[in-house]
Each structure stands twice: as C-alpha cells, then as structure tokens.
Amino acid sequence: MITHFPREYEDRNNFKKINMLLDGDSCTFEGEIASKVTENRIRKGLSVYKVLIKDGTGSIVASWFNQSYIKNVFRVGERYLFFGKINRRFKSIEVQNPVYERIGTGEHKNLCRIVPVYPSTIDMSQNTLRAAIKSAMELVEGKLEETLPQWLREKYKLAEINYSFSNIHFPRTFEDFNKARFRLAFEELFLMQLGLLCIKMTLTEVETGIKFKKSEAEMNEFIKALPFSLTNAQRNVLGEIERDMESQKVMNRLVQGDVGSGKTVVAAIALYKAVLGGYQGTLMVPTEILAEQHLKTLSKLFQPFNVNVALLTGSQTAKQKRSVLESLKTGEIDILIGTHALLEDKVEFENLGIVVTDEQHRFGVRQRAVLSKKGNNPDTLVMTATPIPRTLALILYGDLDISIINELPPGRKPIKTYSVNNEMRSRINDFIRKKVAEGRQVYIVCPLVEESDSIAAKAALELSEAIANEDFKDLKVGLVYGKMKPKDKESIMSQFVNGDIDILVSTTVIEVGVNVPNATLMVIENAERFGLSQLHQLRGRVGRGAEESFCVLYNEGKGSVSKERMKVMEKTNDGFVISEKDLQLRGPGEFFGTRQHGLPEFKIANLYKDMEILKIAQDAANELLMEDPLLKHEKNARIKEVVKERFAEKIEELSFL
Ligand code: ADP
Ligand code: MG
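What counts and how
Residues numbered from 1 in each chain as written. Chains lettered and ligands numbered in written order. Predicted model: local features only at pLDDT ≥ 70, side-chain atom pairs only at ≥ 80, totals over all residues. Heavy atoms only, no water. Axes fitted to C-alpha atoms, helices over the stretch in contact; angles between N-to-C directions. Helix = DSSP H or I, 4+ residues; strand = E, 2+ residues; numbered from the N terminus. Parallel < 35°, antiparallel > 145°, perpendicular 65-115°, else oblique. Left-handed = near helix turned anticlockwise from the far one by under 90°. Contact = heavy atoms within 4.5 Å. Expected span 1.5 Å × (residues − 1). Buried < 20%, exposed > 50% of the residue type's maximum accessible area, 1.4 Å probe, protein only. Phe/Tyr/Trp six-rings, centres within 6.5 Å; stacked < 30°, edge-to-face > 60°. Lys NZ or Arg CZ within 6 Å of the ring centre and 35° of its normal. Nonpolar A, V, L, I, M, F, W, Y, C, P; charged D, E, K, R; others polar. Pairing = 2+ DSSP bridges.

Asks: What's the story with the packing of helix α6 (residues 232-246) against helix α7 (residues 263-276) in this structure? I'm lost.
Replies: The description of two helices packed together rests on the angle between their axes and the distance between the axes. Remark: α6 packs on α7, axes separated minimally by 10 Å, with the N-to-C direction vectors making an angle of 30°. It follows that α6 is roughly parallel to α7 by the angle criterion. Crossing handedness for the pair α6 and α7: right-handed. On α7, the residues touching Gln-234, Val-237, Leu-238, Ile-241, Glu-242, Met-245 and Glu-246 of α6 are Val-265, Val-266, Ile-269, Ala-270, Lys-273 and Ala-274.

Asks: For this particular structure, what's the right way to read α7?
Replies: Think of an α-helix as 3.6 residues a turn; residues three or four steps apart then line up on the same face. Compared with the 20 Å implied by 1.5 Å per residue over 14 residues, the 20 Å span of α7 between its first and last C-alpha is a close match. Taken across its 14 residues, α7 has 13 buried, putting it largely inside the fold. Immediately beyond the C-terminal end of α7, within one or two residues, lies Gly-278, with a positive phi of roughly 90°.

Asks: What's the story with the packing of aromatic side chains in this structure? I'm lost.
Replies: Centre-to-centre distance and the angle between the planes together describe a pair of aromatic rings. Counted under the stated rule, the structure contains 22 aromatic pairs. Summarising the aromatic geometry, the rings of Phe-5 and Phe-165 are spaced 5.9 Å apart at their centres and angled 35° between planes, so their arrangement reads as tilted. Pair noted here: Phe-5 is in the segment before β1 (8-11) and Phe-165 is in helix α3 (residues 161-169), with a separation of 160 residues, a long-range link. When sorted by exposure, Phe-5 lands in the same class as Phe-165, which is buried. Grouped by ring-pair contacts, the aromatic residues Phe-29, Trp-64, Phe-74, Tyr-80, Phe-82 and Tyr-100 constitute a single cluster. The aromatic ring of Phe-170 is capped on one face by Lys-134, whose charged end is 4.7 Å from the ring centroid.

Asks: What am I meant to see in the packing of helix α1 (residues 126-140) against α3 here?
Replies: Remark: α1 packs on α3, axes separated minimally by 11 Å, with the N-to-C direction vectors making an angle of 165°. In this view, α1 runs roughly antiparallel relative to α3, as classed from their interaxial angle. Our pair here, α1 against α3, has a crossing hand that is left-handed. Facing Ile-133, Met-137 and Val-140 of α1, the residues of α3 in contact are Asn-162, Phe-165, Ser-166 and His-169. The class makeup of the residues in the contact of α1 with α3 is four nonpolar, three polar and no charged.

Asks: So what exactly am I meant to see when it comes to the sheet that holds strand β15 (residues 379-384) here?
Replies: By definition, the strands of a sheet pair up through backbone hydrogen bonds, in either a parallel or an antiparallel sense. The strand order across the open sheet built from seven strands is β12-β13-β11-β14-β15-β10-β16, with neighbouring strands paired in parallel fashion. For this open sheet the edge positions go to β12 (309-312) and β16 (401-405), each flanked by a neighbour on one side alone. Direction aside, neighbouring strands of the sheet carry axes that sit 20° apart on average. The strands that helix α8 (residues 288-302) touches are β11 (280-284), β12 and β13 (335-338); relative to β12, the one it contacts most, it runs at about 170°.

Remember that the coordinates give geometry; whether it matters functionally is a separate question.
Given below as structure tokens:
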C-alpha cells in the first residue's frame, strides 16, 4: 500500500478570508455557521442542501447535493474550516461539496495541509484510501530499511527512505515533497539502470566470445564491390561492429537507423566477416516476405565471393527444409536467412559465429537467446528502425551497446507529406488515379494497431471493398491484414512486389521493411490514431526509388495536439526528431504503445519529465559499477539484493544465454 503513490496533491494550506476568495480558487477558509441547513428539492431524486457561512469580512453559501445527513451536521454559531472550489457570480459566492472540519475537535486530517489524491476507482473514495494508507504508513514508519548506500545519498543529496515515504504521501510542505519525490524517482531509475548494466556486464565480462580475425584485404574487396559507396555513418557503425567482433568479448550491439538508412548492407558485411573467419552466420527477420527479400539482396552481394546463402521459412515444404537443415549441419551453408522457423530445435549449425536480428522490436530477448544458444557464445547484432531518443534507448536496450546510423544515403528526396481531411477525398482519389496512370503503385493503410477484434477487421475489409468496387473499380486492388492466412498474405504481397496490384490496402504495419521502389504514394486513413513513429515507419515504405514520393494523412482528429502531430509529419523526415516530438506530445506510455517494447513500468518516475534525474541516475550507476563491477563488495550487498529482487524475472531470462 505504501507504494501506491498519489497522483496529485491538493494544497489545503492556502488560507483566505471570505471577501478575498476569487472565482476558481481552491482554498481553505474559516467561518461561523450563520443559518440553518435548508433543503431544496429540485426534482425527483435531486435535492440540494445549503448553509450560509460568515466571517468578519463577508459571507458564502456552501451547498451539497443529495447528502441529507448534512441537515444534522451544522448548528448555527459553530466554527468550521472549509475547503473547496469557489464559484463567484456577481455578488454571490458559493462553494459546492466542500470538505469541512469543525474547529477545536483535535488534529485536522483533511484540512490545513497538503492532501494526497490517489489513483482510485469509482467505488473507493479518497477518504477511504487516504485513511488506509495512513494506517499502513503508521505501521512501517521508521522501520523501512535504507536501500541506498550512505555515500550515494550524500553525494546526490538523496533523502532518507522513511522520510521519503512519509513525505510522498503526507508532505508537510512542498519542499519536503520535492525532496521525497526526487529520492524515490532517482531510486527507481537508478536500480533499473544498475540492473541493466549488471546484465550487460554478466554477458560481456564473464562469457568469452569468438575473436574474429581482421581479414582487412578481403573485407575491403567486398566493400569495394558493393553497388554504392558506404555512407560515413555506415562506416562508423561498421568500425564499432568490427572492433567488437575482433575482441574476446561477446558482441551485443544494437544498430539503430532510420528507415532506409541502409542497415541491411551493414548486416551483410558483419555476416561476411564471420564467414571469412570460418564461421556461419544467421539473419532472423519477422516475416517471410522480408526473409525472401533479404535472400535476394544478399545472394546478389555474395555471389562473386563464393558464399553460400540459404533460406529457411515455415512455408517451405518438408523436403526443402530437410535439405537446408542437412547442409546447415555440415557447414555447407554459410549464411542462413529465416523467420521464427530458425528457432526450432532441429535447426543445428556446424559453427554459428554471429546472429543478426532485423526489426528487433518484433522479437523478445528470449527468442534472441534461443538463437544464440545454437552457437558457442556467438556475437549478436540487433537492428531496429524505430528511432528513439538516446536516453530512452539506454533504458530499453540497456543490456546492449548502441550504434546509430544517423545519415541517409545521398540523393534521397524527402517524402512530400500532406495532412488532409475527408472533404479532400475526391481530390486525393484523383491523385491516386493519376499516380496509377503514371505506372506507379499505391499503399492505403487503415488504423488497426492490433487486429484483435473482428469488428475492426471487418471495418477494414469494408473499406477495402469500397475502394475496390466503388472508388477504383477499374484498378487492381489487393488487401492484406494480420489475421489472413499466411499463404494468402504472401500471395497478395508478392503480386504487389511484382507490380500485378496497383493499390495495396493494408490494415496495419504487418510488413515491416518491404521494399517496393515503384510504390510512390502512401495514403493513411485516420492517421491521428497512429503514433508519429509508426506513421514515420509506414511512410518509409515509399520514397525508395528515384521517383518523387508522397504521403497523404487523413486526420480526423479535432484537437490541437493531433493538428500539431500532423504538422510534425509534414515538416520533417527525420525519425529522431519525430520520436522526440512524439514522446513529448504523448508521453512514454502511449509512445511505446503495448508492453511488447519491454519498457519497464514506473511507479513514480516519469520518463519524459524526469529525463534529468534519469541522467544523474545513469551516471551514479556507472560510477558504482566502475568501482565494484558485479556488486561483490560487502558494502554493496544490500543494493545488490534490491537489484536482484527487482530484476529477478529479467535475470532469469538472461541467465540462459
Ligand atoms: P533499412 O535501414 O531501412 O533496412 P535498407 O538496408 O533496406 O534500409 O536500405 C535501403 C536502400 O538503400 C536499399 O535499396 C539499399 O541498397 C540502399 N543503400 C544502402 N546503403 C546505401 C549507400 N551507402 N548508398 C546508396 N544506397 C544505399
Ligand atoms: Mg531493413
């Protein structure tokens, strides 16, 4: 109960004389009951009870609805304290449903102080919660064991634990509250950071990985043969990867790069390095379409270098699979690309040296670990196109080292983006026709974040039918959605890839990473329902060829926030800027959407507002671990215990690496 923290506070310390009360004030005033309680039946089931209150400066009417017991509470001449929101109309002042306490009856529980307001349900009143938490606090007061070491508390001016709990619930002053909150938020972020760093250290320090040889000449030859020269950002990231691969420690690296920044070729080069070192490599992707696309790309790159690339997916025939698995075991296959099918037990490598996962947010830590287990501490590389601010990346991927490709290949034209409303529909439809007439292809996306309910799926179906049978009867329209049979989905997708479909209506982000350069227009329905980062990802499906590309966002949101969000999309093509903005406008909870992102939930810290505290906590965690890497010292025993307690689940997950 004591970690059920208030969501806000009411300052009932703020006293005023009656004649100083302003409209809209929330404050406390003192007065004498100057009338009997009157009862007024406004209509059946609605009665209002009123009483007049006076002090030396003026008078005010207090009213309560349907609370008949009020009749028996007040007597003329008694003195009370009141707190509530003031309504001032012309000459009359009123306060509705004020909190009241009689003067001279002992300590004030709900008045003359800062009062916590707790997250609650309709059925549980604030008074009940407050009283319960108050007694819980009384039980533990002075007995909470300090979790943070003395030196740390001194260095970062962190309040003591008992003081902090007591003042987060029932602060005497806002200064006390601030001290308490700082400590508790710091602690939460600090422990999380320590936990993540411990996991990372366990992975990199204890295990010994493969020391790949340099192979400088061969690597250069391969890079020279690429159809383009690498961007500086790609070179830098490759440098970091190579350093990891050549060292004894196990690589655990995340490559973050905006859509289209060229992560695939970076993965290919890392895979090639492993092959040159005499090892096998594997690349895991979330969908079959993507697996096939990567197979094509990599086969082309590797063909002159005598590297054997193969594919493993769920929809292959048993015979195909068997043959792949056999040559994998003998080491005939150098690089295996595949979907979740790679995780199956019967997939055995001869000597797996590197594991790459693309679009990592589709896979959990556990799945990565299963794949790594198929080798002897192979290096791992994780790629993601969801750009997030660095500080947050440290939280989400604290167990990984981070590399960023912060540059797009030259010559990319920004995608022209327009936010429109339904009135523009016929003009937009004309535009779609025009693009198709020019030989281009079009995506239309409907906002189903998860197709969990059939109603939503049906709505998308209806929309696509309307598009196919009414708006664009004469064109070839295809539909894909999550619940479709994989075979049908793949068939529609490949028709789109081959140019046999003009307009692809899709319900969601099902096909991350598809590359159809001939598609130059994306129309997104109800764009206000998507996160900005998601819109950006979607938009990244166009603008992949030489032709100018467009994105149309139907915004049915009425609020100013949704307008502002659309404006961000119109103004910038930079995924990092967009994600910062998204975070700012929606807050981290919304930003990350579902829990699949693995973002821990915080009881008190707020990842956006507490960025400063987060940075301090990160420094402190680094400092502590620098001195005592695995928290082995006796003096850190308590903190180790707390970290373990909080991270039990995660550590278990990772201990099987
Ligand atoms: P993503 O990072 O979104 O996975 P891809 O790896 O699919 O991006 O690359 C997008 C496109 O850019 C591909 O067609 C790829 O061949 C091309 N590309 C990658 N690197 C470069 C580069 N340095 N110069 C020019 N084109 C590049
Ligand atoms: Mg990609």
